[in-house]
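Topology and contacts: notes
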Amino acid sequence: MLDAVGPSPGAPAVASIAAAPAPPTPPVPPAVGAATFRFFGNEEPYWRLMIRGAVLLIVTLGIYRFWLATDQRRFLWANTEIAGDALEYAGTARELLIGFLVAVAVLVPLYAVLSLAALGSDVVGQISGLLALVLLALFGPFAIFRARRYRLTRTIFRGVRLHQTGSAWLYSVYSILGWAVTLATFGLAYPWAQAALERYKMRHTFYGDVGGRFVGSGTRLFLRGIGLWLLILGPLLASILYAMASIDGTVVAEAVERGGNNMLGSIESAMPNFSLALMALVIAFFWSVIAAGLLYPAFQAMMLRWWTSGLRFGDMAATSRVRTGQMYGLYLRFVGYSLLFGLAAAIIGVIVGTLVPLSALDEEKFAEIDTWTQIVGVVAGLIGYVVIMLGYSTIYQVTVKLRLWRLSFETAELTGLEALNRVNAAGVPGSAFGEGLADALDIGGL
Amino acid sequence: MTRSGPGIFYDGKTSARHTVQVELDGAGVLVRAARGDLLARWPYGDLEHLSAHDGMLRLGRVDNPVLERLEIHDPELAAAIDDLAATVDRTGASERRGRTRVVAWTVAAVASFVLVGIFGVPAIADRLTPYVPTAVERKFGEAADAQVRAMLDTDRKGEAFECGRGEAGKEGRAALTRLAGRLEAAAFLSVPITLTVLRKPEANAFALPGGHVYVFEGLIDRAQTGDEVAGVIAHEIGHVANRDSTRSVIQAAGLSFLFGTVLGDFVGGGAVVIASKALLQNSYSREVERRADAYAVELMTRLGGDTRALGAILLRIDGTNHPGMKLLLDHPDTKDRVAAINMAPPTKTADLLNPLEWAALKRICAGP
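Calculation criteria
- Residues numbered from 1 in each chain as written.
- Chains lettered and ligands numbered in written order.
- Predicted model: local features only at pLDDT ≥ 70, side-chain atom pairs only at ≥ 80, totals over all residues.
- Helix = DSSP H or I, 4+ residues; strand = E, 2+ residues; numbered from the N terminus.
- Contact = placed C-beta atoms within 7 Å.
- Rg over C-alpha atoms; globule rule 2.2 N^0.38 Å.
- Buried ≥ 20, exposed ≤ 12 C-beta atoms within 10 Å, placed from the backbone.
- Axes fitted to C-alpha atoms, helices over the stretch in contact; angles between N-to-C directions.
- Parallel < 35°, antiparallel > 145°, perpendicular 65-115°, else oblique.
- Nonpolar A, V, L, I, M, F, W, Y, C, P; charged D, E, K, R; others polar.
- Pairing = 2+ DSSP bridges.
- Domains from an automatic or database assignment.
- Core = buried A, V, L, I, M, F, W, Y, C linked by C-beta atoms within 7 Å.
- Left-handed = near helix turned anticlockwise from the far one by under 90°.
- Expected span 1.5 Å × (residues − 1).
- Bend = angle between axes of the 7 residues up to and from the residue.
- pLDDT = per-residue confidence, 0-100.

What follows concerns the overall build of chain A. When helices and strands are tallied, chain A shows 15 helices and 10 strands. The long-range share in chain A, meaning contacts at least 24 apart out of those at least 6 apart in sequence, stands at 74%.

Right under this line is the structure:
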């Protein structure tokens, strides 16, 4: 619409203008209003992608995961449109594979040294177990930070790459400190720890030469989330305090030492509230687990809203208007699919069970079957198990992960889009070492 | 032949969006700005088909340091480029071919990993075991000795867990030491043997690195002659001489690396990894037991004992232990083992323990 009128055919104006540096063509203004994010991807092609991927994972004993992850990301990125332009994922499976091989080359000698040290009975042996734990704890966030850098640098928007600076080791230390404080405060410090980590990450995130920021407030998140926290952990902490107040440890220890048949009875007579405290603990624990499961979608919606609304890139700002109900709908759909799948698996299991004589499961009878039949039986059982596990994982990827991606984008809005036109290219692609390390350590799924 | 249509161009230096006119001539794609100046000229052979959603054709240039992108929404223009450029294939056929190649290569890789697991790992462990110094083995043996005793001593007998320390078992202890000494002398080992009888009712015996051999009370109870006990001890000495514990540690590490780090990293893969490791480790240990049996036969021949005694006690014990799955049994089929043992000609000259010693040995676990 804003195209300047082109030169009339045969006009010599083209030559003279071309001699001088060409003036920039007027850019098309970005779409304004609510529809700044769009997602085109449908579920059917994604189902096909994931199911085919699951089959190939089994056939290749997992080696195919690099290709599957790349295909997944290409699908997600390419179908996401921001202000009229679609994202591009420029990563390749080969990069992921090489990153993994490099990570293995780093980890295997480390594992070897730690295992050998652990075999010794002296001080070095005992420390090495602790050392292994500390190293793994450090490597985890390190890998995640580097993997994030890889994914950012392989994301291209309007011909300009995103990139990430910052030290992965520093982030790793911050992350461990954050988790230590969170655990020590039973989760109360989580909002501030998360805010600090997101600030570090976004401060070092760039779109071209435009830097990112995170302005989400830990206090805000705390105030929004304290209700959830009280609902889930409140009864558990209360019952723990009650137990600590009413149970005398030395009395219990004495009764255990004396032993005998009426251990509980003797404890009861000494401390009448013992069984009550114990029951309260058990009930509170189950309550926590169930409440955590039921409230998880609410928690996710809250985190998504808070995180999205805190993102800034130069003059651009994001907000999220995702509703908790949408998140619940998403997870309920997942539960529904899982139940259907479980039902199908159970029906197949029953059919197989009637065909195969169940006496084969008796150990003595089993030993009489010849070795080859044994092998076939075990392999069939193994394949069945893997199919079920991969089935659930595939259902999760499509019904939850894909929908979550779409939901996050479609409920988000960008303001200050004019800034989108004035970004200059910057940044170099990062290596896939972090991705490989995360894969080798089994953290942060592809 | 020229075709042209609208497109969107990004110059890779700024994020500005340029509406352009795309022209296709015989050699390549021409990108003209609205005012007519040429922004890019890409030969067909250099075109790179980039990832995009179905409604758009996204093109770049191969090995371009600048991230120039050309996006074409016009389906006819996209189809024309598809026809003219060999590198652009919107049907997905070349992608499918590529994926088939990838899958074929990875399946081949998996097959070779499995072969390495079956043949390569034991061979490598065989090569590496001699390089482990005996001092290191002895250190591991000390640590393992303490842990194993603690694990097996479920009634917390402590010192009394070992038979033959008290007065009642002293004679049996002496008889056993003499027998072990004769076996050791004929074996020419690099480590001394430390023989211990443990107060457990199972009929079993095992060896730890560094020369620690353990025999359970149950085995002595079920033995009918001194040569049978000697045969079992000779078998365990075989494990020590062959450094089987160290080898199995190296094999386990190699297996862990193959099936664990490299393979099996998918949901549910853990079960595959455990099953493969169990199957392969079992096949390794069958070979190990066969070799220890052969060593025992050789040792008993040197001492003039009954080479078939080991087979006799194995058969007797086999009936009592739970049958279980052949595949996962750590020891190969007992009948196969006994058949192999009995292939050696019987060269018995005399009982290895005289009747007095044998009676004393039977009483080794009497008393505290």
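Resuming the write-up.
In terms of helices and strands, chain B carries 11 helices and 10 strands. A compact globule built from 368 residues should have a C-alpha radius of gyration of about 21 Å, whereas chain B, at 36 Å, is more than 25% larger. With the principal axes as the frame, chain B shows a C-alpha extent of 115 × 40 × 35 Å. Counting every position in chain B, which comprises 368 residues, the buried fraction comes to 37%. Sequence separation of 24 or more characterises 63% of the internal contacts of chain B that already satisfy a separation of 6 or more.

Now for the packing of helix 2 (residues 43-59) of chain A against helix 3 (residues 65-78) of chain A. Residue and element names in this part refer to chain A. Running from amino to carboxyl end, helix 2 crosses helix 3 at an angle of 170°, the nearest separation of the two axes being 10 Å. The angle between the axes of helix 2 and helix 3 places the two elements in the roughly antiparallel class. Contacts between helix 2 and helix 3 involve Tyr 46, Leu 49, Gly 53 and Leu 57 on the former and, on the latter, Arg 65, Leu 68, Asp 71, Gln 72 and Phe 75. Among the residues making up the contact of helix 2 with helix 3, the classes are represented as five nonpolar, two polar and two charged.

Moving on to the sheet that holds strand 1 (residues 3-10) of chain B. All names here are of chain B. Read across the sheet, seven strands follow the order 4-3-2-1-7-6-5 without closing on themselves; strand pairing throughout is antiparallel. Each end of this open sheet is capped by a strand with a single partner; those strands are strand 4 (38-43) and strand 5 (47-50). Ignoring strand direction, the axes of neighbouring strands in this sheet form an average angle of 30°.

If you check the domain split of chain B, you get domain 1 (3-90) and domain 2 (125-362). Taken over C-alpha atoms, the centre of domain 1 of chain B sits 73 Å from the centre of domain 2 of chain B.

Looking now at the pairing of strand 9 (residues 316-320) of chain A. Residues and elements named next belong to chain A. Pairing analysis gives two bridges linking strand 8 (residues 311-313) to strand 9, with the strands arranged antiparallel. Bridging from a neighbouring strand, Arg 312 pairs with Ala 317 of strand 9. Connecting strand 8 to the next strand, strand 9, in antiparallel fashion are two residues, including Gly 314 with a positive phi near 60°. Bridge count for strand 9 against strand 10 (residues 412-415) is four bridges, and the pairing is antiparallel. Bridging across to strand 10, Thr 319 finds its partner in Glu 413.

To continue, consider the nonpolar core. Residues and elements named next belong to chain B. If you look at the biggest cluster of nonpolar residues, it comprises 137 residues, and the most contacted ones within it are Val 213, Val 215, Ile 233, Ile 237 and Leu 361. Both domains that furnish three or more residues to this core are identified here as domain 1 (3-90) and domain 2 (125-362). Filtering out sequence-adjacent residues up to four positions away, Ile 237 remains in contact with Leu 183, Ala 187, Ile 193, Val 213 and Leu 299.

Our focus in this paragraph is the environment of B:Pro201. Residues and elements named next belong to chain B. By secondary structure assignment, the location of Pro 201 is in the loop between strand 8 (194-198) and strand 9 (205-208). C-alpha separation for the pair Pro 201 and Arg 178, spaced 23 residues apart in sequence, amounts to 24 Å. When sequence neighbours within four positions are dropped, the list of residues in contact with Pro 201 reads Glu 217 and Gly 218.

To continue, consider unusual backbone geometry. Residue and element names in this part refer to chain A. Phi at Ala 83 takes a positive value of approximately 50°, unusual for a residue other than glycine. When the 20 C-beta atoms within 10 Å are taken as the criterion, Ala 83 is described as buried. In the Ramachandran plot, Phe 186 falls in the positive-phi region, its phi being about 55° despite a non-glycine side chain. If you trace the backbone, Phe 186 turns up in the loop between helix 6 (168-184) and helix 7 (190-203).

Before going further, it helps to examine the packing of helix 4 (residues 170-187) of chain B against helix 11 (residues 355-362) of chain B. All names here are of chain B. The geometry of helix 4 relative to helix 11 is characterised by a closest axis approach of 7 Å and an angle of 120° between their N-to-C directions. Comparing their axes, helix 11 and helix 4 come out oblique. Considering how the two elements wind past one another, helix 4 and helix 11 form a crossing that is left-handed. On the side of helix 4, the interface is formed by Glu 171, Gly 172, Ala 175 and Leu 176, while helix 11 contributes Glu 357, Ala 360 and Leu 361.

Right, let's talk about helix 2 (residues 93-128) of chain B for a bit. Residues and elements named next belong to chain B. Its 36 residues place the ends of helix 2 49 Å apart at the C-alpha level, agreeing with the 52 Å of an ideal helix rising 1.5 Å per residue. The axis of helix 2 is deflected most strongly, by about 45°, at Gly 117. Turning to helix 2, its buried residues are Thr 106, Gly 117, Val 121, Pro 122 and Ala 125. Its buried side turned inward, helix 2 meets helix 7 (244-258) and helix 8 (269-303).

Let's shift gears to the confidence of the model for chain B. As a note on interpretation, predicted positions should not be read in detail where pLDDT is low. Averaged over every residue, the pLDDT of chain B is 85; the share at 70 or more is 95%. Scored as a complex, the prediction yields pTM 0.82 and ipTM 0.78.

All names here are of chain B. Pairing of strand 2 (residues 18-24) with strand 3 (residues 28-32), which is carried by four bridges, proceeds in the antiparallel orientation. Each residue of the ladder has a partner; that of Val 22, found in strand 3, is Val 31. Hairpin connection, strand 2 to strand 3: the antiparallel pair is bridged by three residues. For strand 3 and strand 4, the ladder comprises five bridges, and the chain directions are antiparallel. Counted as the bridge partner of Gly 28 is Pro 43 from strand 4. With antiparallel pairing between neighbouring strands as the criterion, strand 3 and strand 4 make up a hairpin whose turn holds five residues, including Gly 36 at a positive phi of roughly 100°.

What follows deals with the sheet that holds strand 3 (residues 85-89) of chain A. Backbone-to-backbone hydrogen bonds pair the strands of a sheet. The strands run either parallel or antiparallel. All names here are of chain A. Within the open sheet, the 10 strands sit side by side as 1-2-3-4-5-6-7-8-9-10. Their pairing is antiparallel. Pairing within the sheet leaves two strands with one partner each, and these edge strands are strand 1 (37-39) and strand 10. Here the strands of the sheet are splayed against their neighbours by 30° on average, with no regard to which way each runs. Judged from the two bridges that link them, strand 2 (residues 80-82) and strand 3 form a sheet pairing that is antiparallel.

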